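These are the residues of each chain, in order.
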Amino acid sequence: MRSYGSPDTTHCAVEAAGITKSFGRSEVLRGLDLTIDWGEAVAVLGPNGSGKSTLIRLIAGLSKPDSGDIRVLGLDPARHGEMVRRAVGVMTHEPLLYDDLTGYENLEFAGRMFRIDRREERIEAVAGRLGVHARLHQRVGSLSHGLRKRFSIARALLHKPRVLLMDEPESGLDGRALAILEDVLTGHAASGGAVLFTTHDLDWAAGRANRIAIVGAGRVSNVFSGGDRAAARKVYGAHVKGPH
Amino acid sequence: MKSYFGAIWAIVRKDVMLELRTKDFVVSVVVFSLLVIVIFSFAIEPTPQVVARVAPGVLWTAFVFGGVLGLTRSFALERDGGNLRGLLLAPAPRDAVYVGKMLASFLFMMLVELLVFPAFVVIFDLPLLHPALILVAVLATLGISAVGTLFSAMAVNTRAREVMLPLLFLPVVIPVVIAAVEASAAALGGADSGEVLRWIPLLAAYDAVFLVACAFAFHFVVEE
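As the structure is a computational prediction, the values presented were derived from the model and not from experiment.

**Structural notes on the overall build of chain A**
A tally of helices and strands in chain A yields 8 helices and 9 strands. A compact globule built from 244 residues would reach a C-alpha radius of gyration of about 18 Å, and chain A, at 17 Å, matches this within 12%. In chain A, which comprises 244 residues, the share counted as buried stands at 48%. Put simply, 68% of the contacts in chain A that link residues at least 6 apart link residues at least 24 apart.

**A look at the overall build of chain B**
The helix and strand tally for chain B stands at 10 helices and 0 strands. Its helices and strands taken in sequence order, chain B reads α-α-α-α-α-α-α-α-α-α from the N to the C terminus. In terms of C-alpha radius of gyration, chain B reaches 18 Å, essentially the compact-globule figure of 17 Å for 224 residues. Considering only C-alpha atoms, chain B reaches an extent of 55 × 30 × 30 Å along its principal axes. Taking all 224 residues of chain B together, the buried fraction comes to 50%. The contacts in chain B between residues at least 6 apart in sequence include a share of 87% that link residues at least 24 apart.

**Details of the interface of chain B and chain A**
Contacts between the two partners involve 23 residues from chain B and, on the opposite side, 23 residues from chain A. Of all the secondary structure elements, the ones that give two or more residues to the side of chain B that touches chain A are helix 1 (2–22) and helix 4 (83–88) of chain B. At 9 residues, the largest contribution of residues to the side of chain B that touches chain A is made by helix 1 of chain B.

**A closer look at helix 1 of chain B**
With 21 residues, helix 1 of chain B ought to run about 30 Å at 1.5 Å a step, and its terminal C-alpha atoms sit 30 Å apart, in line with that. Taken as a whole, helix 1 of chain B has its buried residues at A7, I8, A10, I11, K14, D15, L18 and E19 of chain B. Viewed end-on, helix 1 of chain B has its buried residues packed into an arc of 160°, placing them on one side of the element. For helix 1 of chain B, the exposed residues lying more than 90 degrees away from the buried face are K2, F5 and L20 of chain B. Residues of helix 1 of chain B that are buried make contact with helix 3 (103–113) of chain A together with helix 2 (24–43), helix 3 (48–79) and helix 5 (94–123) of chain B.

**Topic: the confidence of the model for chain B**
The share of residues in chain B with pLDDT of 70 or more is 99%, and the mean pLDDT across the chain is 90. Reported confidence for the predicted complex is 0.90 by ipTM and 0.91 by pTM.

**Re the sheet that holds strand 4 (residues 67–72) of chain A**
All names here are of chain A. Spatially, the 3 strands line up as an open sheet ordered 2-1-4, and their pairing is antiparallel. The sheet terminates laterally at strand 2 (26–36) and strand 4, the two strands that pair on one side only. Going across the sheet, the axis of each strand differs from the next one's by a mean of 25°, ignoring polarity. In terms of strand pairing, strand 1 (residues 14–23) meets strand 4 through 5 bridges, oriented antiparallel. Of the residues in strand 4, the one forming a bridge with T20 is S67.

**Focus on the sheet that holds strand 7 (residues 194–199) of chain A**
Residue and element names in this part refer to chain A. Strand order in the open sheet formed by 6 strands is 5-6-7-3-8-9, with mixed pairing between adjacent strands. Strand pairing shows two members of the sheet lacking a second neighbour, strand 5 (88–91) and strand 9 (219–225), which therefore form its edges. Adjacent strand axes in the sheet meet at a mean angle of 15°, parallel and antiparallel pairs treated alike. Looking at chain direction, strand 3 (residues 40–45) and strand 7 are connected through 6 bridges and run parallel. For L45, the partnering residue across the bridge sits in strand 7 and is T199. Along the sheet, helix 1 (residues 52–60) makes contact with strand 3, strand 5, strand 6 (163–167), strand 7 and strand 8 (211–216), crossing strand 6 at roughly 150°. Those strands touched by helix 6 (residues 175–190) are strand 3, strand 6 and strand 7, and its axis lies near 150° from that of strand 7.

**What to know about the nonpolar core**
A154, L165 and I212 of chain A together with V136 of chain B are the most contacted members of the largest nonpolar core, which totals 156 residues. Per-element tally for this core: the top contributor is helix 6 (residues 131–155) of chain B, with 14 residues. When near neighbours in sequence (up to four residues on either side) are disregarded, A154 of chain A contacts L107, V126, A127, L130 and V132 of chain A.

**Notes on the packing of helix 3 of chain A against helix 1 of chain B**
Contact pair helix 3 of chain A / helix 1 of chain B: the axes reach a minimum separation of 8 Å and the direction vectors enclose 160°. By the angle between their axes, helix 3 of chain A is roughly antiparallel relative to helix 1 of chain B. As helix 3 of chain A runs across helix 1 of chain B, the sense of the crossing is left-handed. Across the interface between the two elements, E105, F109, R112 and M113 of chain A from helix 3 of chain A touch G6, A7, A10, K14 and M17 of chain B from helix 1 of chain B. Here the contact of helix 3 of chain A with helix 1 of chain B is built from residues that sort into 5 nonpolar, 1 polar and 3 charged.

**Looking at helix 10 (residues 200–222) of chain B**
Residue and element names in this part refer to chain B. Helix length check: helix 10, at 23 residues, gives a terminal C-alpha distance of 32 Å against a target of 33 Å (1.5 Å per residue), a fit within 8%. By the largest-angle criterion, F216 marks the main kink of helix 10, which is about 25°. The set of residues buried in helix 10 consists of L203, Y206, D207, F210, L211, C214, A215, F218 and V222. In this structure, the buried side of helix 10 is in contact with helix 4, helix 5, helix 6 and helix 8 (174–188).

**Topic: the pairing of strand 6 of chain A**
All names here are of chain A. The buried fraction of strand 6 amounts to 5 of the 5 residues, a majority that puts the element mostly inside the structure. Side chains of strand 6 alternate between two faces, with V163, L165 and D167 and L164 and M166 buried alike. With 4 bridges joining them, strand 5 and strand 6 adopt parallel strand pairing. Bridging across to strand 6, M91 finds its partner in M166. Pairing between strand 6 and strand 7: 5 bridges, direction parallel. The residue of strand 7 that forms the bridge with V163 is A194. With respect to chirality, the unit in which strand 6 leads through helix 6 into the neighbouring parallel strand 7 is right-handed.

Thresholds applied
Residues numbered from 1 in each chain as written. Chains lettered and ligands numbered in written order. Predicted model: local features only at pLDDT ≥ 70, side-chain atom pairs only at ≥ 80, totals over all residues. Helix = DSSP H or I, 4+ residues; strand = E, 2+ residues; numbered from the N terminus. Rg over C-alpha atoms; globule rule 2.2 N^0.38 Å. Buried ≥ 20, exposed ≤ 12 C-beta atoms within 10 Å, placed from the backbone. Contact = placed C-beta atoms within 7 Å. Expected span 1.5 Å × (residues − 1). Arc of directions from axis to C-beta. pLDDT = per-residue confidence, 0-100. Pairing = 2+ DSSP bridges. Axes fitted to C-alpha atoms, helices over the stretch in contact; angles between N-to-C directions. Core = buried A, V, L, I, M, F, W, Y, C linked by C-beta atoms within 7 Å. Parallel < 35°, antiparallel > 145°, perpendicular 65-115°, else oblique. Left-handed = near helix turned anticlockwise from the far one by under 90°. Nonpolar A, V, L, I, M, F, W, Y, C, P; charged D, E, K, R; others polar. Bend = angle between axes of the 7 residues up to and from the residue. Right-handed = clockwise from strand over helix to strand, strands pointing away.

Next up, the structure:
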């Protein structure tokens, strides 16, 4: 696998400035600003339809903003898509796995697409970390939702991304899997990487993120430190209850 | 360059593995194509004159309509579980993803043709394979796969994808069908190789133009 060395600290991991994005007549993002530094985990909270998943797709280069500027490692995902995608690990609502292949075959395929050397070794390591080693040779379609999600996280981590983007990673996971996920999120940030995850669970986010960004009306309305749970709850509660 | 071909190989390999496991593409298209041929054999008076005129059209109609089935399935597989998004998150050029999917469909369609053609020859009591027909089949199938892969990627996220794909795809492959039918008619009618190969430049030009155009257009088709 190509080595990327230590994070490029001359740029933020992710910088989004004045992002707007519409789907038809629906304006999802209306000038969103957000920065994620190296060594930081940022939780993005917001009501349904507030644009959290859209933000992840934009940062990952799956979609282009209508206006505004996105930089990942200082690069524009629309212009340097391949370099950005190589540095980013994404976990979405969808598992990004083929039901008719085994977990191992799915990870092997992802490893080939990311040109990972010594794939077998890396798959074993990631599967061990996610606690799915015993299920590696089972078809993904026969696994429970939680196990599938763990394979999905394994897929996102396989190429040792510097930036992790996770869309509601905690939903549907049991206690053990949540502990593993926490280890992944905090460990990634602690090792100098950057993490952005979306969630609806403020209490869960507060214990794992350095900062909490509340998204409402298409922009980041407030940013709190991870420890400022009470203030974050007040604002988030108002967004969830308020008209959208 | 290595990453370009690596991605293509990874996608073809993955699609072959899935096909070996599910047999969705080949089995459904073989059965469909055989049914079309059998139904036509009952529907027409199979005199040698009628067969010589109609059989090549029947054969390519069966392959093209069967291809629609298979191509729909090919991208439905990528839609399930968000796998198309998974492909697009890899650090591979978009056109490598297109070429990988297109080559997998091409291989499956060639396999279908290999399985269906002997049955066609027996049912219509036609002479055995003309060597030039192999080249015609390869080029025609490449054209069908090139166009079909792009349109199935376009249709996969629409509500009426089963209807949308043939509506988009069939008008565009008409030149391929005409060339393949005419070349097959010449081959099965006992014409010399020159008569059959007359259609090769048209097929080759069609393939070259549509492979380049579709690989370029794929980038815009898959953008969210």
